[in-house]
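Topology and contacts: notes
Okay, here's what each chain looks like letter by letter:
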There are 2 protein chains.
Amino acid sequence: MSQNKKKYLALCGGVGGAKLALGLSRVLEPGCLTIVVNTGDDFEHLGLLICPDIDTVTYTLSGVVESRQGWGRADESWNVLDQVERLGGETWFRLGDKDIALHLVRRSLLAQGLSLSEVTARITRSLAIDHAIIPMSDDPIRTEVVVDGGVMSFQHYFVKKRCQPRIFGIRYDGVEKAKTSSGFIGALNDKELAGVIICPSNPFLSIDPLLALPGVSELLRTLSVPVVAVSPIVGGRAIKGPTAKIMQELDMPVTQEAIADHYQGLVSGLMIDSVDKATASELNKRLAVHTSDTVMTNTTQKVALANQCLAFIDSLDKSS
Amino acid sequence: MSQNKKKYLALCGGVGGAKLALGLSRVLEPGCLTIVVNTGDDFEHLGLLICPDIDTVTYTLSGVVESRQGWGRADESWNVLDQVERLGGETWFRLGDKDIALHLVRRSLLAQGLSLSEVTARITRSLAIDHAIIPMSDDPIRTEVVVDGGVMSFQHYFVKKRCQPRIFGIRYDGVEKAKTSSGFIGALNDKELAGVIICPSNPFLSIDPLLALPGVSELLRTLSVPVVAVSPIVGGRAIKGPTAKIMQELDMPVTQEAIADHYQGLVSGLMIDSVDKATASELNKRLAVHTSDTVMTNTTQKVALANQCLAFIDSLDKSS
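The paragraphs below set out a description of the structure included in this document. (Residues numbered from 1 in each chain as written. Chains lettered and ligands numbered in written order. Predicted model: local features only at pLDDT ≥ 70, side-chain atom pairs only at ≥ 80, totals over all residues.)

In this section: the sheet that holds strand 8 (residues 167-173) of chain A. All names here are of chain A. The antiparallel open sheet is built from 3 strands, whose spatial order is 7-6-8. With partners counted over all chains shown, the strands left at the sheet margins are strand 7 (150-153) and strand 8, one partner each. Here the strands of the sheet are splayed against their neighbours by 30 degrees on average, with no regard to which way each runs. In this sheet, strand 8 lies alongside strand 6 (residues 142-147) in antiparallel orientation, the contact comprising 6 bridges. Across the sheet, the residue bridging to valine 147 is isoleucine 167, located in strand 8. (Pairing = 2+ DSSP bridges. Helix = DSSP H or I, 4+ residues; strand = E, 2+ residues; numbered from the N terminus. Axes fitted to C-alpha atoms, helices over the stretch in contact; angles between N-to-C directions.)

Unlike most non-glycine residues, Cys163(A) shows phi in positive territory, near 60 degrees. Although it is not a glycine, Arg162(B) adopts a positive phi angle of roughly 50 degrees. As for its placement among the helices and strands, Arg162(B) is situated in the loop between helix 6 (154-160) and strand 8 (167-173).

The operation relating chain B to chain A is a screw motion whose rotation component is 180 degrees, with 0.0 Å of axial translation and a residual RMSD of 0.0 Å. A rotation of that kind, with that shift, is consistent with a two-fold axis. Within chain B, Asp97(B) has its C-alpha nearest the rotation axis, a separation of 3.7 Å. The fraction of interface residues of chain B whose copies in chain A are also interface residues reaches 100%, indicating that both copies meet through the same surface. (Least-squares fit on C-alpha atoms with pLDDT ≥ 70 in both. Contact = placed C-beta atoms within 7 Å.)

The next subject is the environment of Ser67(B). Along the chain, Ser67(B) turns up in the loop between helix 2 (52-62) and helix 3 (79-86). C-alpha separation for the pair Ser67(B) and Val175(B), spaced 108 residues apart in sequence, amounts to 32 Å.

To continue, consider the sheet that holds strand 8 of chain B. All names here are of chain B. Strand order in the open sheet made by the 3 strands is 7-6-8, with antiparallel pairing throughout. Single-partner strands in this sheet number two, and they are strand 7 (150-153) and strand 8. Here the average twist between neighbouring strands, direction ignored, is 30 degrees. Alignment of strand 6 (residues 142-147) against strand 7, held across 4 bridges, turns out to be antiparallel. Counted as the bridge partner of valine 147 is glycine 150 from strand 7.

Let us look at the interface of chain B and chain A. For interface size, the figure often reported is the accessible area lost on association. Facing the 24 residues of chain B at the interface are 25 residues of chain A. Counting only elements with at least two residues in the side of chain B that touches chain A, the list comes to helix 3, helix 4 (97-111) and helix 5 (116-126) of chain B. No other element matches the 10 residues that helix 4 of chain B contributes to the side of chain B that touches chain A. For the side of chain B that touches chain A, the class distribution of residues is 11 nonpolar, 8 polar and 5 charged. (Nonpolar A, V, L, I, M, F, W, Y, C, P; charged D, E, K, R; others polar.)

The topology assignment puts Glu66(A) in the loop between helix 2 (52-62) and helix 3 (79-86). Those residues in contact with Glu66(A) that lie beyond four places of it in its chain are Trp71(A), Gly72(A), Arg73(A), Ala74(A) and Glu76(A).

All right, on to helix 5 (residues 116-126) of chain A then. Residues and elements named next belong to chain A. Three or more residues of helix 5 are buried, namely Leu116, Val119, Thr120, Ile123 and Thr124. Within helix 5, the buried residues cover an arc of 125 degrees as seen down the axis, which keeps them to one side. Where helix 5 is buried, its residues touch helix 2, helix 4 (97-111) and strand 5 (132-135). Downstream of helix 5 by a residue or two, alanine 128 has a phi angle that is positive, lying close to 65 degrees. (Buried ≥ 20, exposed ≤ 12 C-beta atoms within 10 Å, placed from the backbone. Arc of directions from axis to C-beta.)

It is a general feature of regular strands that their side chains alternate between the two faces of the sheet. All names here are of chain A. A large share of strand 2 (residues 33-37) lies buried, amounting to 5 of its 5 residues. Of the two faces of strand 2, the one carrying Leu33, Ile35 and Val37 and the one carrying Thr34 and Val36 are both buried. Of the pairings in the sheet, the one linking strand 1 (residues 7-12) to strand 2 comprises 5 bridges and is parallel in character. Within strand 2, the residue paired with cysteine 12 across the bridge is valine 37. What joins strand 1 to strand 2 is helix 1 (residues 15-27), and the crossover it makes is right-handed. Where strand 2 meets strand 5, 4 bridges bridge the pair, whose relative direction is parallel. Across the sheet, residue valine 37 finds its bridge partner in strand 5, namely proline 135. (Right-handed = clockwise from strand over helix to strand, strands pointing away.)

Such coordinate-based values are descriptive only and should not be taken to indicate function.
Here it is in structure tokens:
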């Protein structure tokens, strides 16, 4: 395929985004795909730097992910956490032994002065990943949710409270002072860039932190190549996670229109699921719409959706 | 026994000292024994704070120690380190899964702002230890050895190089600026203190760092209660570790006289092994000497030597 020689940038969060990132990694040659990952979910725990989205993408692309849940390692053991519990330590965030190994290596490399980008490159290389996985920033950005009674850290909301509290707002603590990673800026400025794919991750929790970084929205708006988003909404529901619940709590209808509104001005095309094709003609008045099967439960579907994204970008490319 | 109600302070390093500390813990009631432990061997590794001597004493007193080697945990597994190796991380320092759990809890509590003394108290309590195990200082002190060609960190010398380099000198980096832990100072100033036992640890690597801390030697010298040392030398050899080798390299004879010289002015009594009893009468001209079996290969011997130490202190007590 001709697009295999072109370069693409994928913006992505955790499990949902990682599925499409895997599809893209199977379709595109090494050197042609840059995956920039949300770090707003990162936090310090047990003295470790936890980077849930980076690790989910890393484990997914290296083929070691626990495939049923979509995150963590397959064939995991829990010897460390069992003992942490006996010693009175915190165990609400589940880290298996293999997963802890990665965290120790990351902490060790960070302590040596390497940036999170450099550490991620080292770890992904050691797991034989030949595509670039890049944190959106090397500086700490911490997503927080405004709930009844105050502000809650993201993992507290997401894991400890299982997304139960009603959200009144979301903020990305540190984003104003953070520097966008040089790999992210470099990919946006790359002369060979053929298109950008916003993966079907949670727009508010996974994608907006990337878009809030200095320079990113401006660069995206002025790109001469297509930017397409894959909607995380299918038939009025989110495939996974709290996207639909959050949309309702933020007074948005759970529709493709609302997703189009959200990405208004940033994307030239929206990929929606075939079940929503009735809405395509109305949406088409505002932006390019492509319908496809967007639910990815196996590798074939991930590869197929990746190919659909590349074809969609190709169709929108003014130069072609 | 009458001495069971009195308070004692044990100064101790790793494996050798922990054996006598275990004996003392079996003889003395909770509240009557304070064990102050060397932290000069501590270092940062894989982003964790490794405290080999504190952990050896902790694991020994809680009964979970790997008893053949004398350090680390029994029934240990190595899932994390296996994976660290695959990820290209450092594995020369062997940390098992259970051991890593303790290190994560320690790192986590330190990150919450607790001192090493407070963290150690929490961990030992969670392992049902009812005697006080106290780090000599809450500040970082790092033992370094002067070798041919430069200075080497202690663990580099001890584990990586297996004590092979010749030592020309030893220093305790940070000791001048470090604060002696309040638990250590408190035990030395305790009005109910009946005696101090210097365990048969390496005098240069395990005991001298404690003695080099601000105020410690002065307090020991002016104590009105006996201070006794158990010699780590038996028949011209060290029971374990590089003590004899280091003595030779530092131009000392490997004798009880040299140990007496080393602790000159600090101790009122020296406990030597029965195999060296021929030297006792000559040594007796300089300080009180007690002979006993000092090799401890089982709990009975550890308890017996502990009782011998307490009886020795009792015999030296001017008030009794």
